[in-house]
Structure formats: C-alpha cells, structure tokens
Amino acid sequence: MSQTAPASAKPASSLDLSGQVAIVTGSGRGLGRTIIEALIDLGADVVIHDISEEAPAQYGEDANLTAVAAKLADRGTRTMSVTGDITDEAAVKRMVDAVNERLGPISILVNCAGGDIGAAGTKPAKNGALDISLEDARAVMERNFIGTMMMCRAICPGMAERNHGSVINVGSLNGHMGVSPEVIYACAKAAIVHYTRCLALEMRPLGVRVNAVSPGPTKSARFLATRTTDAKMMDEGPSLDRYASPAEIADAVAFLASPKSRFVSGQILRVDGAASLFAA
Ligand SMILES: NC(=O)c1ccc[n+]([C@@H]2O[C@H](COP(=O)([O-])OP(=O)(O)OC[C@H]3O[C@@H](n4cnc5c(N)ncnc54)[C@H](O)[C@@H]3O)[C@@H](O)[C@H]2O)c1
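Everything numeric in this text was worked out from a predicted model, so none of it was measured. (Residues numbered from 1 in each chain as written. Predicted model: local features only at pLDDT ≥ 70, side-chain atom pairs only at ≥ 80, totals over all residues. Heavy atoms only, no water.)

Engineer: Help me out: how do you make sense of the pattern of salt bridges in this one?
Structural biologist: Oppositely charged side chains may form a pair once their charged atoms are brought near each other. Evaluation of the coordinates by the stated rule reveals 13 salt bridges. Across the salt bridge formed by arginine 75 and glutamate 37, the nearest N and O atoms sit 3.0 Å from each other. A residue pair is termed long-range when its members are at least 10 positions apart, and arginine 75 in the loop between helix 2 (65-72) and strand 3 (79-83) and glutamate 37 in helix 1 (residues 30-41) qualify at 38 residues. What makes glutamate 37 partly exposed here is its relative accessible area of 23%. Close ionic contact of glutamate 236 with lysine 219 constitutes a salt bridge, the shortest N to O distance being 2.6 Å. Here glutamate 236 is found in the loop between helix 7 (231-234) and helix 8 (246-257), whereas its partner lysine 219 is found in the loop between strand 6 (208-215) and helix 6 (221-225), with 17 residues between them in sequence. One network of salt bridges, with partners in common, ties together Arg33, Glu37, Asp41, Asp62, Lys71 and Arg75. (Salt bridge = Lys/Arg side-chain N within 4 Å of Asp/Glu carboxyl O. Helix = DSSP H or I, 4+ residues; strand = E, 2+ residues; numbered from the N terminus. Buried < 20%, exposed > 50% of the residue type's maximum accessible area, 1.4 Å probe, protein only.)

Here is the structure:
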C-alpha cells in the first residue's frame with residue numbers, strides 16, 4: 001500500500017519570521033547590528049541590546065543605542081531597545097521582563113555579545129596562555145561564556161514551556177583550534193560551542209533548537225580597529241580567501257533562526273569561506 005508523506009515533511013515555504021520576537025545581544029554595533037537588520041528583513045519584531053547607551057559609539061558606528069534603535073524603528077516591524085550587562089543576573093532578568101511586557105515572549109535568542117575584551121573594555125594587554133592577568137581572564141570568560149549561559153537560563157525555560165524557539169550562539173573559529181594570542185577568548189568560545197551541544201540535548205524533547213555560528217575573521221568596526229589587517233583579505237571579490245562581511249555571518253544566523261532549519265539543532269556552522277576544513 002502506498003503512503004503519502006506527512007504534511008510536516010513538506011519544505012517550509014519561506015524564511016518568514018513575522019510574529020516572532022527576536023533578541024540579539026550586543027546588537028548596538030558590529031555583527032549584532034547586522035544580524036538585527038537581517039531578522040527585521042525577515043519580518044521579526046526585534047530587541048536591540050547593548051551593555052550601555054554609549055557602546056555603539058566606541059568604534060564610531062553610531063552616536064548611541066537610542067540612535068541605532070531610531071534608525072531601525074521604521075522598517076515595518078516592532079522594535080525596542082534594552083541595556084544591561086549580560087554577566088549580571090539581575091540585569092538579564094530586568095531586560096527579559098521588559099521584553100515580555102512590551103513585545104511578548106521571545107522565540108529567537110541570538111547570543112552575539114562578547115569578544116576578546118578584557119576587564120578594562122579593551123583587548124587584554126597580555127593575552128597568552130600563561131601571561132594574561134587573572135582579571136582579564138575572568139572578564140573574557142564571563143563576557144562570552146557566562147553571559148551566553150545567563151541569557152539562555154533566562155529565556156530557554158519560556159521557550160521550552162511553549163515548545164517553540166531557536167537559540168543561536170555566536171562562537172568563533174578560534175574556539176575550534178589552538179591559537180595564541182587570544183587564548184582565553186578561544187577557550188570561552190570553545191565553551192560556548194560545547195554548551196550549544198549540551199543545551200540542544202536538553203531542549204530536544206521540548207522542541208527548542210539550539211545551534212551556533214562560528215565566524216572566521218569578519219570586518220566589524222571593532223575587528224578593523226583592534227588589529228593590523230591584511231589589505232589582500234579586505235577585497236570582496238570571487239575568492240573566499242578573505243575576511244567575511246558582517247552580512248555573510250548574519251545570513252547564516254537568519255537561516256538558523258528560520259523555519260528553513262526546523263530540524264537542525266545542536267550544530268555548529270563555521271562561516272569562514274572554507275578556511276577551516278577539519279571534521280569537527
Ligand atoms: N569580528 C570578528 O572577526 C569575529 C570573529 C569571530 C567571532 N566574533 C564574535 O562575534 C561577536 C560580535 O563581534 P564584533 O566583531 O561585532 O564586535 P563588537 O565589539 O562590535 O560587538 C560585541 C558587542 O557585545 C557587547 N558586549 C560586550 N560585552 C558585553 C556584556 N558584558 N554585556 C552586554 N553586551 C556586551 C558590546 O558592547 C558590543 O555591542 C562577538 O561575540 C565576537 O566574539 C567576531
């Protein structure tokens with residue numbers, strides 16, 4: 001006897017995110033801001049977040065978070081902005097409560113805030129395996145791994161209750177291979193990558209997907225301001241042997257947020273133009 005395929009086996013028709021509320025941490029500037037724009041383009045209501053009002057100005061991207069939010073407010077979806085340190089549990093709760101009250105429950109969480117940023121808010125002066133200051137090591141680990149975990153702890157239980165949600169954590173190529181300098185940053189990103197797999201396992205029976213995107217070097221303003229760049233890698237010609245643009249990372253995040261990836265969970269997508277070709 002022939003059987004017809006169940007309706008759920010049909011391809012999802014679009015990347016449509018209308019009716020969904022997405023929060024992207026660290027979206028006042030850099031990759032996070034581009035990710036917010038990609039999610040708005042797909043119809044999501046969005047929460048723009050940063051550690052402070054002033055964060056978007058640090059590398060000259062915008063005057064402040066209010067200015068960023070104002071520019072994104074007229075694109076046809078609902079928007080709001082929140083500020084708070086993702087390593088501060090009370091601040092995280094306050095932000096999530098504010099979103100619930102204003103836009104409703106969050107169904108897309110993109111943990112993008114982070115970076116190789118030490119206790120003083122800049123790159124650690126000594127940044128190797130043995131010489132980084134403990135203060136910087138703790139700050140980098142907290143800002144990346146603990147912050148990501150804290151956001152998941154605040155938002156995933158609601159997603160699990162509703163059996164609906166997609167979490168996308170931002171890792172880094174550095175989290176997949178031995179590097180020096182940026183050692184503790186690499187360790188924090190490796191922790192995020194593995195936390196992604198573990199959380200995906202816990203969320204599996206509950207219908208909540210958890211994935212990560214690990215970008216290769218990407219031309220955010222902070223990236224360009226904090227290292228010596230190779231002119232040959234800046235060109236966006238046909239070769240993939242170059243730096244990524246923020247939009248190329250945002251497109252991968254948008255796919256993982258959308259129904260097009262509805263059976264993809266626990267996966268780490270390295271978006272690096274084939275710079276890393278090992279198996280794991
Ligand atoms: N640019 C790259 O080459 C690259 C490569 C791999 C991974 N990444 C990752 O992508 C993400 C974005 O990086 P970017 O290059 O756009 O840098 P960025 O500095 O512009 O973005 C990081 C954002 O996180 C915010 N943030 C930092 N600590 C925070 C905290 N404790 N609480 C709340 N917000 C905080 C910052 O204010 C900023 O808005 C980071 O997680 C970074 O590690 C970047």
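Engineer: Got a minute to help me understand the environment of alanine 22 in this structure?
Structural biologist: By the secondary structure assignment, alanine 22 is in strand 1 (residues 21-24). For the pair alanine 22 and aspartate 41, spaced 19 residues apart in sequence, the C-alpha separation works out to 12 Å. The residues contacting alanine 22, other than those within four sequence positions of it, are Leu39, Ala44, Asp45, Val46, Val47 and Ile108. (Contact = heavy atoms within 4.5 Å.)

Engineer: Mind showing me how you'd approach the pairing of strand 1 here?
Structural biologist: Within a regular beta strand, the side chains point alternately toward one face of the sheet and then the other, so they alternate between its two faces. Every second residue of strand 1 is oriented toward a common face, with Val21 and Ile23 on one face and Ala22 and Val24 on the other, all of them buried. The β-α-β motif built from strand 1, the intervening helix 1 and the parallel element strand 2 (residues 45-50) has right-handed crossover chirality. Here strand 1 pairs with strand 4 (residues 108-111) via three bridges, running parallel. Residue pairing for strand 4: valine 24 is matched across the bridge by valine 110. (Right-handed = clockwise from strand over helix to strand, strands pointing away. Pairing = 2+ DSSP bridges.)

Engineer: What should I look at first to understand helix 3 (residues 89-102) in this one?
Structural biologist: Because an α-helix packs 3.6 residues into every turn, residues spaced three or four apart end up facing the same way. Taking 1.5 Å of rise per residue, the 14 residues of helix 3 would be expected to cover 20 Å, and the 20 Å separating its terminal C-alpha atoms lies within 8% of that figure. Of the positions making up helix 3, those classed as buried are Ala91, Val92, Met95, Val96 and Val99. Down the axis of helix 3, the smallest arc covering the buried residues is 130°, so these residues share one side. Turned more than 90 degrees from where helix 3 packs its buried face, Glu89, Ala90, Lys93 and Glu101 sit exposed. Turning to helix 3, the residues buried within the fold contact strand 1, strand 2, strand 3 and helix 4 (134-162). Two to three positions downstream of the cap, the backbone nitrogen of alanine 90 sits 3.0 Å from a side-chain oxygen, assigning the N-cap of helix 3 to aspartate 88. Immediately downstream of helix 3, the backbone of glycine 104 shows phi near 100°, a positive value. (Expected span 1.5 Å × (residues − 1). Arc of directions from axis to C-beta. Polar contact = N/O pair within 3.5 Å; in protein donor to acceptor, adjacent residues only side chain to side chain.)

Engineer: What's the story with the side chain of asparagine 211 in this structure? I'm lost.
Structural biologist: Counting through the fold element by element, asparagine 211 comes out in strand 6. In this structure, asparagine 211 is in contact with Val167, Ile168, Asn169, Thr196, Leu256, Val264, Ser265, Gly266 and Gln267, ignoring residues within four places of it in sequence.

Engineer: Looking at this structure, I do not really get the packing of helix 4 against helix 5 (residues 183-203). What am I missing?
Structural biologist: Angle between the axes and distance between the axes are the two parameters that describe a pair of packed helices. Packing of helix 4 against helix 5 leaves a shortest axis separation of 9 Å and a crossing angle of 15°. Judged by the angle between their axes, helix 4 and helix 5 are roughly parallel. In terms of crossing hand, the pair formed by helix 4 and helix 5 is right-handed. Between helix 4 and helix 5, the contacting residues are Ala137, Val140, Met141, Asn144, Phe145, Thr148, Met149, Cys152, Cys156 and Ala160 on the first element and Ile184, Tyr185, Cys187, Ala188, Lys189, Ala191, Ile192, Tyr195, Leu199 and Met203 on the second. When grouped by side-chain class, the residues that make up the contact of helix 4 with helix 5 number 17 nonpolar, two polar and one charged. (Axes fitted to C-alpha atoms, helices over the stretch in contact; angles between N-to-C directions. Parallel < 35°, antiparallel > 145°, perpendicular 65-115°, else oblique. Left-handed = near helix turned anticlockwise from the far one by under 90°. Nonpolar A, V, L, I, M, F, W, Y, C, P; charged D, E, K, R; others polar.)

Engineer: How do you make sense of the site of the ligand when you look at a structure like this?
Structural biologist: If you check the shell around the ligand, you find 29 residues, and the closest are Arg29, Asp50, Tyr185, Ser220 and Arg222. In the environment of the ligand, an oxygen atom lies 2.7 Å from a nitrogen or oxygen atom belonging to the side chain of arginine 29. Between the ligand and the protein, one listed contact pairs an oxygen atom with a backbone N or O atom of threonine 218 at 2.7 Å. Protein burial of the ligand: of its 820 Å² of free accessible surface, 96% is covered by the chains. Listed by contribution, the elements that provide at least two residues to the shell around the ligand are helix 1, strand 2, helix 5 and helix 6. Residues belonging to the shell around the ligand are distributed by class as follows: 11 nonpolar, 12 polar and six charged. (Near = heavy atom within 4 Å. Areas by Shrake-Rupley, 256 points an atom, 1.4 Å probe, with all protein chains shown as cover.)

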